[in-house]
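What the coordinates show
What follows is each chain in one-letter form.
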Amino acid sequence: MTRFLVVLTDVRPTDGHERDERTTPERRRQVVGASSREAADRIAGAFMALGMVRAGRQRVKVIAVGRRPRHPAL
């Protein structure tokens, strides 16, 4: 099973360069973990209702962060 992070970040202004999240990530405001995609989508939906997100000053990202090991069948 894959785990997910829901991240609320500030949108930084473009300065003529391409955005590269690996070298200069956006400032994180909130990070919430979720154990399923459905839970992550519900959290992201709540974040998307915030005024700063609706105004385009913040953005919501859902990131798959890894797989949980499956328990062996009994």
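Structure report, in brief. (Residues numbered from 1 in each chain as written. Predicted model: local features only at pLDDT ≥ 70, side-chain atom pairs only at ≥ 80, totals over all residues. Heavy atoms only, no water.)

1. A word on the environment of arginine 12
- In this structure, arginine 12 sits in the loop between strand S1 (2-10) and strand S2 (28-34).
- Distance in space between the C-alpha atoms of arginine 12 and arginine 57 is 8.0 Å, their sequence separation being 45 residues.
- Separated by 2.8 Å, the side chain of arginine 12 and the backbone oxygen of threonine 24 make a polar contact. (Helix = DSSP H or I, 4+ residues; strand = E, 2+ residues; numbered from the N terminus. Polar contact = N/O pair within 3.5 Å; in protein donor to acceptor, adjacent residues only side chain to side chain.)

2. Details of the pattern of salt bridges
- Summed over all chains, the structure comprises five salt bridges.
- For the salt bridge of glutamate 26 with lysine 61, the shortest nitrogen-to-oxygen distance reads 3.1 Å. Residue glutamate 26 is located in the loop between S1 and S2, and its partner lysine 61 is located in strand S3 (residues 58-67); the two are separated by 35 residues in the primary sequence.
- Linking arginine 37 and aspartate 41 is a salt bridge whose minimum nitrogen-to-oxygen distance equals 3.1 Å. Taken as a pair, arginine 37 and aspartate 41 lie in helix H1 (residues 37-48) at a separation of four residues, close to a single helical turn.
- Since its relative accessible area comes to 38%, aspartate 41 is described here as partly exposed. (Salt bridge = Lys/Arg side-chain N within 4 Å of Asp/Glu carboxyl O. Buried < 20%, exposed > 50% of the residue type's maximum accessible area, 1.4 Å probe, protein only.)

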